[in-house]
Amino acid sequence: MVVPFRIKMVEPVKILSCQEREQRIKEAHFNIFNVRSQDIYIDLLTDSGTGAMSQNQWAGIMLGDEAYANCRNFQNLESVVRKVFGFKHFLPCHQGRAAENVLFSSIIKPGMLVPNNMHFDTTRANIMANGGKAVNLPCKDASKPFEDRPFKGNMDVKKLEEFLSVNSDNVPLVMLTVTNNSGGGQPVSMENIRKVSEICKDFKKPFFIDACRYAENSYFIKTREKGYSDKSPLEIAQEMFSYADGCTFSGKKDAIVNIGGILAMNNHDWFEKCKARLILMEGFPTYGGLAGRDLEALARGILEGLDENYLQSRIAQTQYLASGLKKAGIPVVWPAGGHAVYVEAKTFLPHIPQAEFPGQALTIELYREGGIRAVEIGSVMFAEKDEQGKMHFPELELTRLAIPRRVYTNAHMDDVIEVHKCIAERKDSVHGYRIVKGEGPLRHFTAWFEPVE
Ligand SMILES: Cc1ncc(COP(=O)(O)O)c(C=O)c1O
């Protein structure tokens, strides 16, 4: 394996004592989002905006053209977006959820339904905020966390057909999230993308890709799907987007920038509506909430994120962590996803009921034991009451260890494995939590918890 970079600048980190960590997590009301960054040893909260930019990207930052309209960096970004994504129109946005907000506030009417393989939290929240309903149609393999299947991120295409047969009039577009973040970072096959696209054409529905991790998805297609081993990640990405009518994209993931995103589409009328919304919410259509220098880093990062050697080392590091945890007997979603390793917390901590948030409990223990910051992707994020007041829990209670790009070494990953081993030895003493403050679809960001003793 080739690791196609070396380290030129380092940022010091330290680990607090056990007592200090105990104090910090209590002060944070047992919500890891509230802990200060300097009090974290290994920060695996997210892979979003946390990557290390290259010397080429930093050099681009110095070439920022800060003209209000039509700066040179926008033109550079435009030519990269044309080459990679290929849609007729695009708008820069400050990040992925801004693209979602601009899109959904332009096209959704109350009561509309948006199907997806699995919506990410901000996508779901943006649809709901505009009066719509987010519908998940994952393939059957998505709910089998420990079975080795190559494309567990796929959409259930039969269910999509049935869904559109009944609800088509009420569906403004169909989405597909690559890779499927909420479902374990699992990839979507080209075959599935093609099939979803065909169904959308049959029902005359626009097909949008949530493209946050399209480069990692392309690499999985290259290495796991028949017929793609000789194609470059760029060629695979181009083919993926050729089946779609548009995309939302957070550049904070596969474009390895700290801020930035795009909204792209073919439909001219939708584009005009989105442009008007963008001016209101983000800024002029050639900067969309970003400085010229950010546009430049984004343009350069999109190309770097598709480099095959980089993608190989990136996926290998995720695999390294997942294999080490699996070897230590920790129940991880298998095979490993692209950007993160997911521990299935209700299997790891079976004595904690879903109503007491096993994923949140594990997140807190990781900080207590080793100063590691992970994030819950389970019932805190997704449990929902129906109209009759009955609580519905998600199938998987995940604790996500998201790996920032080009930031940590495998020695850090070894520490993460050791910390899990220590928790496993005393896991019967780990207890659940209840929410004392916080509601709504984004409550996980701000909720306060207390232990159920
Ligand atoms: C699949 C997916 N969609 C959308 C978003 C939102 O992107 P951003 O954080 O840039 O707003 C994320 C962020 O993690 C994501 O993983």
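Remember, it's a predicted structure, so these values are computed and weren't measured experimentally.

Thresholds applied
- Residues numbered from 1 in each chain as written.
- Predicted model: local features only at pLDDT ≥ 70, side-chain atom pairs only at ≥ 80, totals over all residues.
- Core = buried A, V, L, I, M, F, W, Y, C linked by C-beta atoms within 7 Å.
- Buried ≥ 20, exposed ≤ 12 C-beta atoms within 10 Å, placed from the backbone.
- Helix = DSSP H or I, 4+ residues; strand = E, 2+ residues; numbered from the N terminus.
- Contact = placed C-beta atoms within 7 Å.
- Domains from an automatic or database assignment.
- Near = placed C-beta within 6 Å.
- Nonpolar A, V, L, I, M, F, W, Y, C, P; charged D, E, K, R; others polar.
- Axes fitted to C-alpha atoms, helices over the stretch in contact; angles between N-to-C directions.
- Pairing = 2+ DSSP bridges.

1. Comments concerning the nonpolar core
Nonpolar side chains in soluble globular proteins tend to end up buried together.
Thought 1: Judged by nonpolar contacts, the single largest core of 78 residues is most densely connected at Val 102, Ile 209, Cys 247, Ile 262, Leu 263 and Ala 264.
Thought 2: Here the element with the most residues in this core is helix H4 (residues 96-107); it accounts for six residues.
Thought 3: Beyond its immediate stretch of four places on either side in the chain, Val 102 contacts Leu 91, Cys 93, Leu 263, Cys 274, Arg 277, Leu 278, Met 281 and Glu 282.
Thought 4: If you look at the next biggest cluster of nonpolar residues, it comprises 51 residues, including Leu 44, Leu 325, Tyr 367 and Ile 377.

2. What about the domain arrangement of the protein chain?
Thought 1: One can read the domain layout of the protein chain as domain 1 (18-47 + 308-451) and domain 2 (55-304).
Thought 2: The C-alpha centroid of domain 2 is placed 26 Å from the C-alpha centroid of domain 1.
Thought 3: If you look at the interface, domain 1 gives 23 residues, while domain 2 gives 24 residues.
Thought 4: For the side of domain 1 that touches domain 2, the secondary-structure elements that each account for two or more residues are helix H12 (308-327) and strand S9 (340-344).

3. Structural notes on the site of the ligand
Thought 1: Close contacts around the ligand come from 14 residues, with Gln 95, Gly 96, Arg 97, Phe 120 and Ser 250 the closest.
Thought 2: Going through the elements one at a time, H4 and helix H5 (121-129) are the ones with two or more residues in the shell around the ligand.
Thought 3: Considering only residue class, the shell around the ligand consists of two nonpolar, nine polar and three charged.

4. Description of the packing of helix H1 (residues 18-27) against helix H14 (residues 358-370)
Thought 1: Closest axis-to-axis distance for the H1/H14 pair is 8 Å, and the angle between their directions is 150°. Facing Arg 21, Glu 22 and Ile 25 of H1, the residues of H14 in contact are Ile 364, Tyr 367 and Arg 368.
Thought 2: Here the contact of H1 with H14 is built from residues that sort into three nonpolar, no polar and three charged.

5. Digging into unusual backbone geometry
Excluding glycine, most residues fall at negative phi; most peptide bonds, likewise, are trans.
Thought 1: A cis amide bond links Val 178 with the next residue in sequence, Thr 179, at an omega value of -20°.
Thought 2: Tracing the backbone shows Thr 179 in the loop between strand S5 (174-177) and helix H7 (190-202).
Thought 3: Look at the link from Trp 334 to Pro 335: it is a cis peptide, with omega at -5°.
Thought 4: Along the polypeptide, Pro 335 turns up in the loop between H12 and S9.
Thought 5: Its identity as a non-glycine residue notwithstanding, Asn 70 has a phi of 55°, on the positive side.
Thought 6: Mapped onto the fold, Asn 70 is located in the loop between helix H2 (55-61) and helix H3 (72-84).
Thought 7: We note that Ile 256 has phi near 50°; this positive angle belongs to a residue other than glycine.
Thought 8: Considering the arrangement of structural elements, one finds Ile 256 in the loop between strand S7 (246-250) and strand S8 (261-265).
Thought 9: For Ile 256, a count of 28 C-beta atoms within 10 Å gives the class buried.

6. Some words on the sheet that holds strand S2 (residues 89-93)
Thought 1: Here five strands make up an open sheet; going across it, the order is S2-S8-S7-S6-S5 and the pairing mixed. The open sheet terminates on both sides in strands that have one partner only, identified here as S2 and S5. Between one strand axis and the next, the sheet turns through 15° on average, direction left out of account.
Thought 2: Direction of pairing for strand S6 (residues 207-210) relative to S7: parallel, over a ladder of three bridges. By the bridge assignment, Asp 210 is partnered in S7 with Thr 248.

7. Topic: the sheet that holds S9
Thought 1: Spatial ordering of the open sheet is given by S9-S14-S11, a layout of three strands whose pairing is antiparallel. This sheet does not close on itself; its edge strands, each paired only once, are S9 and strand S11 (375-377). Averaged over all adjacent pairs, the angle separating strand axes in this sheet is 35°, with direction ignored.
Thought 2: Alignment of S9 against strand S14 (residues 398-402), held across five bridges, turns out to be antiparallel. The residue of S14 that forms the bridge with Ala 340 is Ala 402.

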